[in-house]
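Breakdown of the fold
Here is what each chain is made of, one letter per residue.
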Amino acid sequence: MDDQSPLDASAPCPCGFGPAYGECCGRFLGAAGGEPTAAPTAEKLMRSRYTAFVAGDAGHLLRTWHPDTRPRSLTLDPEVQWTRLTVLATTGGGLLEQTGTVEFVAQYRTRGPDGSLQRGRQHEHSRFVRVGGEWVYLDAEPSAS
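Since this is a predicted model, take the numbers as computed values, not measurements.

Next up on the list: the UniProt feature "domain: YchJ-like middle NTF2-like" (unreviewed entry) in the protein chain. Under the UniProt annotation, the feature "domain: YchJ-like middle NTF2-like" (unreviewed entry) is placed at residues 41-140. The distance from the first to the last C-alpha atom of residues 41-140 is 17 Å, and the span holds 20% helix and 47% strand.

The following block contains the structure:
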């Protein structure tokens with residue numbers, strides 16, 4: 001997606017953190033054609049990855065995925081509209097740490113086979129580690145909810 005992101009830099013960031021997209025997750029995704037910067041914490045990386053799902057930016061998801069667990073390719077379903085992110089808890093993942101986890105719930109909506117609007121949620125505990133000094137997504141453990 002990079003310089004063709006459908007997200008407006010001045011709009012609220014989809015991750016719900018607060019600043020506008022361009023000042024929040026946009027800098028990690030390389031919004032407005034700029035070079036992506038590394039997220040300073042595991043939580044900010046997780047938020048940027050959620051935003052990448054919203055924007056349809058599979059490239060950011062692959063770039064920020066641990067090389068040992070990353071798929072060769074990734075196809076995002078354009079029918080899924082991510083609508084809300086709630087971070088429930090974090091452990092570690094700070095500026096001086098090497099590992100961290102983020103528990104979150106991501107809500108979405110999609111059309112069912114009959115065309116009806118269906119709502120869903122993804123609740124998981126994601127694990128993050130540093131590789132080469134940068135945070136990457138390692139894997140996740142879905143939560144029952």
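Moving on, we come to the side chain of Ser126. With respect to the element layout, Ser126 can be found in strand β3 (residues 117-131). Once you skip the residues sitting within four places of it in the chain, Ser126 turns out to touch Gly100, Thr101, Val102, Phe104, Tyr137, Asp139 and Ala140.

Once that is clear, we can look at the nonpolar core. The biggest cluster of nonpolar side chains holds 23 residues, and the ones touching the most others in it are Leu85 and Phe128. Broken down by element, the residue count for this core peaks at 5 residues, all from helix α2 (residues 42-55).

Once that is clear, we can look at the side chain of Thr51. The topology assignment puts Thr51 in helix α2. Relative accessible area serves as the criterion here: at 0%, Thr51 is assigned to the buried category. Here Thr51 is in contact with Leu7, Cys13, Pro14, Cys15, Tyr21, Cys25 and Leu29, once residues within four sequence places are set aside.

Time to look at the packing of aromatic side chains. Applying the stated criterion to the full structure yields 5 aromatic pairs. For the pair Trp65 and Tyr137, a centre-to-centre distance of 5.3 Å together with 80° between the ring planes defines the contact as edge-to-face. Here the residue Trp65 occupies a position in the loop between α3 (58-63) and β1 (81-92), and Tyr137 occupies one in strand β4 (residues 134-142), the gap between them amounting to 72 residues. The exposure class assigned to Trp65 is buried, which follows from its relative accessible area of 15%. Ring centres of Phe128 and Tyr137 lie 5.9 Å apart, and the angle between their planes is 65°; on these two criteria the pair is classed as edge-to-face. When sorted by exposure, Phe128 lands in the same class as Tyr137, which is buried. Against the face of Trp65 rests Arg49, its NZ or CZ located 5.1 Å from the ring centre.

This part takes up the pattern of salt bridges. For the structure on display, the rule yields 2 salt bridges. Residue Arg47 is joined to Glu43 by a salt bridge in which the shortest nitrogen-to-oxygen separation is 2.9 Å. Placement of the pair is Arg47 and Glu43 together in helix α2, with a separation of 4 residues, close to one helical turn.

Rules behind the numbers
Residues numbered from 1 in each chain as written. Predicted model: local features only at pLDDT ≥ 70, side-chain atom pairs only at ≥ 80, totals over all residues. Heavy atoms only, no water. UniProt positions renumbered as here; feature names shortened; annotations may be inferred. Helix = DSSP H or I, 4+ residues; strand = E, 2+ residues; numbered from the N terminus. Contact = heavy atoms within 4.5 Å. Core = buried A, V, L, I, M, F, W, Y, C linked by side-chain atoms within 4.5 Å. Buried < 20%, exposed > 50% of the residue type's maximum accessible area, 1.4 Å probe, protein only. Phe/Tyr/Trp six-rings, centres within 6.5 Å; stacked < 30°, edge-to-face > 60°. Lys NZ or Arg CZ within 6 Å of the ring centre and 35° of its normal. Salt bridge = Lys/Arg side-chain N within 4 Å of Asp/Glu carboxyl O.

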